Amino acid sequence: VLELKRETGVLPTNLQLYAFLNRFYTSRIGLRVLMGHQIALRESVPGYIGIINLQCNPAVIARDAADAARSLAYRDYGDAPEVLVLGNTELTFPYIDAHLYSCLFELLKNSVRATQERHGSASSGAPPIKVIIADGLEDVTIKVGDEGGGLARSDLHKIW
């Protein structure tokens with residue numbers, strides 16, 4: 001962005017910047033998936049085709065991501081709210097574990113931080129964070145719910 005301003009003397013609008021970054025990150029993720037999958041296809045790992053886990057269990061991944069997010073809170077705050085994984089915890093489907101973990105870790109990291117900052121220690125009654133897994137006929141929904149305070153509607157324009 002700074003290089004664009006230096007070269008042209010003009011800064012892009014937020015929409016132009018958002019569109020550029022969206023294309024950039026989408027193509028970067030796509031390339032990483034293709035390369036990782038191609039490399040992983042050379043090795044035979046039971047239960048996997050390349051990087052795709054044929055029996056991906058989102059509950060297991062959510063618990064791993066929650067443990068990692070809570071360990072950061074313990075390091076920074078000395079305590080962390082509990083994370084409950086609820087719903088269809090036996091559900092499995094073919095998916096890329098690393099992608100699901102990355103998404104859940106970022107969401108849980110934000111939830112743990114917000115809940116910890118708003119309510120204090122888990123021992124003083126901080127409400128748990130809930131990860132709810134639901135499956136439908138054609139899709140899976142994973143909801144992360146917390147009581148960390150959220151974002152004021154008047155500030156919504158600032159996040160995108």
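Residues numbered from 1 in each chain as written. Predicted model: local features only at pLDDT ≥ 70, side-chain atom pairs only at ≥ 80, totals over all residues. Heavy atoms only, no water.

## Quick notes on the nonpolar core
Then comes step 1: Counting 22 residues, the largest nonpolar core has Val83, Val85, Leu104, Leu108, Val112 and Val131 as its most contacted members.
Then comes step 2: Looking at this core, the elements that each hand over two or more residues are helix H3 (58–77), strand E3 (83–87), helix H4 (97–119) and strand E5 (129–135).
Then comes step 3: Excluding residues that lie within four positions of it along the chain, Val131 makes contacts with Ala62, Val83, Leu84, Val85, Leu86, Leu108, Ile142, Lys143 and Val144. (Core = buried A, V, L, I, M, F, W, Y, C linked by side-chain atoms within 4.5 Å. Buried < 20%, exposed > 50% of the residue type's maximum accessible area, 1.4 Å probe, protein only. Helix = DSSP H or I, 4+ residues; strand = E, 2+ residues; numbered from the N terminus. Contact = heavy atoms within 4.5 Å.)

## Remarks on the side chain of Ser111
Then comes step 1: Topologically, Ser111 is positioned in helix H4.
Then comes step 2: Once residues within four sequence positions are removed from consideration, Ser111 is found in contact with Ile129, Val144 and Asp146.

## Remarks on the layout of surface pockets
Then comes step 1: Put simply, the largest pocket is a space of about 300 Å³.
Then comes step 2: Lining the largest pocket, in full, are Arg28, Ile29, Arg32, Val33, Gly36, Ile51, Ala98, His99, Ser102 and Cys103.
Then comes step 3: Of all the secondary-structure elements, those providing two or more residues to the lining of the largest pocket are helix H2 (14–40) and H4.
Then comes step 4: The dominant element in the lining of the largest pocket, judged by the number of residues it contributes, is H2, at five residues.
Then comes step 5: Looking at side-chain class alone, the lining of the largest pocket contains five nonpolar, three polar and two charged residues. (1 Å grid on protein atoms, 1.4 Å probe; cavity = no way out; pocket = protein on both sides within 12 Å on 5 of 7 lines; lining within 4 Å. Points joined across faces, edges and corners; volume = space filled by probe spheres on them. Nonpolar A, V, L, I, M, F, W, Y, C, P; charged D, E, K, R; others polar.)

## Some details on the packing of aromatic side chains
Then comes step 1: The tally for this structure, following the rule as stated, stands at four aromatic pairs.
Then comes step 2: Here Phe20 and Phe24 contribute two aromatic rings whose centre-to-centre distance is 6.3 Å and whose plane-to-plane angle is 20 degrees, an arrangement assigned as stacked. Placement of both Phe20 and Phe24 in helix H2 is noted, with a separation of four residues, approximately one turn of the helix.
Then comes step 3: With a relative accessible area of 46%, Phe20 lands in the partly exposed category. (Phe/Tyr/Trp six-rings, centres within 6.5 Å; stacked < 30°, edge-to-face > 60°.)

## Brief notes about the pattern of salt bridges
Then comes step 1: Overall, the coordinates contain three salt bridges when judged by the stated rule.
Then comes step 2: Residue Glu106 is joined to Lys109 by a salt bridge in which the shortest nitrogen-to-oxygen separation is 3.2 Å. With Glu106 and Lys109 both in helix H4, this residue pair falls three residues apart, about one helical turn.
Then comes step 3: Arg113 is paired through a salt bridge with Glu117; the nearest N and O atoms lie 3.2 Å apart. Pair noted here: Arg113 and Glu117 are both in helix H4, with a separation of four residues, about one helical turn.
Then comes step 4: Relative accessible area serves as the criterion here: at 48%, Glu117 is assigned to the partly exposed category. (Salt bridge = Lys/Arg side-chain N within 4 Å of Asp/Glu carboxyl O.)

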